[in-house]
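# A structural walkthrough
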Amino acid sequence: MPTDVRSLIDRVASALGPEATPDRVERVARAVLDAGAGARPDSPAPVSHAVASPPSGGAARVVVTAYGRDRPGVLAAVTAELSAAGANILDVSQKVLQGYFTLVLVADLPADLDLGVARDSLQARGEALGARVLLQHEDLFEAMHRP
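Here the structure is a predicted model, which means the values were calculated and not measured. (Residues numbered from 1 in each chain as written. Predicted model: local features only at pLDDT ≥ 70, side-chain atom pairs only at ≥ 80, totals over all residues. Heavy atoms only, no water.)

## Overview of the sheet that holds strand β3 (residues 100–109)
Judged by pairing direction, the sheet is antiparallel, and its 4 strands sit side by side in the order β2-β3-β1-β4 without closing on themselves. Two strands lie at the open edges of the sheet, namely β2 (88–97) and β4 (131–137), each paired on one side alone. Neighbour-to-neighbour, the strand axes of the sheet open up by a mean angle of 10°, direction not taken into account. Bridge analysis of β2 against β3 gives 9 bridges, and the strand direction is antiparallel. Bridge pairing links Asp91 to Val106 in β3. With respect to the sheet, helix α3 (residues 74–84) is in contact with β1 (60–69), β2, β3 and β4, its orientation differing from that of β3 by roughly 15°. Sitting on the sheet, helix α4 (residues 115–128) touches β1, β3 and β4, and the angle it makes with β4 is about 165°. (Pairing = 2+ DSSP bridges. Helix = DSSP H or I, 4+ residues; strand = E, 2+ residues; numbered from the N terminus. Axes fitted to C-alpha atoms, helices over the stretch in contact; angles between N-to-C directions. Contact = heavy atoms within 4.5 Å.)

Quick look at the structure:
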């Protein structure tokens with residue numbers, strides 16, 4: 001196993017603390033590696049936090065963040081895309097400050113939905129509106145943003 005992968009696994013396990021089961025560490029590490037494969041080095045990571053109760057029925061809990069110049073329809077486009085995928089939106093926070101918006105949304109996605117497909121469709125929809133939209137599995141989001 002390459003040293004950088006071992007280092008990632010150690011960092012994920014440390015970030016998850018007592019919640020670090022082998023399955024959970026593997027899921028988060030895989031999500032980090034998958035996200036890194038499509039990430040742009042000049043793109044900042046989102047820094048907002050969202051907390052909700054665990055998903056039920058095998059659903060995947062995700063955190064969606066979006067930011068960019070404010071314009072009508074960004075929240076509507078993101079929620080319409082999630083709705084079409086069968087998501088249950090649990091919490092939404094949006095803020096507009098001097099012409100720029102930020103959005104943080106927590107949702108449960110159906111267990112059979114491919115997160116990569118959902119992520120790509122949200123990114124494409126956001127780009128069409130001039131916004132950067134990110135979808136991360138809740139475990140990945142929490143591991144990356146622990147204090």
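## Topic: unusual backbone geometry
Residues apart from glycine generally show negative phi values, whereas peptide bonds are mostly found in trans. Phi at Gln98 takes a positive value of approximately 50°, unusual for a residue other than glycine. What makes Gln98 exposed here is its relative accessible area of 77%. (Buried < 20%, exposed > 50% of the residue type's maximum accessible area, 1.4 Å probe, protein only.)

## A word on the packing of α3 against α4
Between α3 and α4, the shortest axis-to-axis distance is 10 Å and the interhelical angle comes to 155°. In this view, α3 runs roughly antiparallel relative to α4, as classed from their interaxial angle. At the point where α3 passes α4, the crossing takes the right-handed sense. The residues of α4 that touch α3, namely those facing Ala77, Val78, Ala80, Glu81 and Leu82, are Ser121, Leu122 and Arg125. Residue composition of the contact of α3 with α4, by class: 5 nonpolar, 1 polar and 2 charged. (Parallel < 35°, antiparallel > 145°, perpendicular 65-115°, else oblique. Left-handed = near helix turned anticlockwise from the far one by under 90°. Nonpolar A, V, L, I, M, F, W, Y, C, P; charged D, E, K, R; others polar.)

## A look at the pairing of β1
The buried fraction of β1 amounts to 8 of the 10 residues, a majority that puts the element mostly inside the structure. In this sheet, β3 lies alongside β1 in antiparallel orientation, the contact comprising 10 bridges. Bridge pairing links Tyr67 to Thr102 in β3. Across 7 bridges, the pairing between β1 and β4 is antiparallel.

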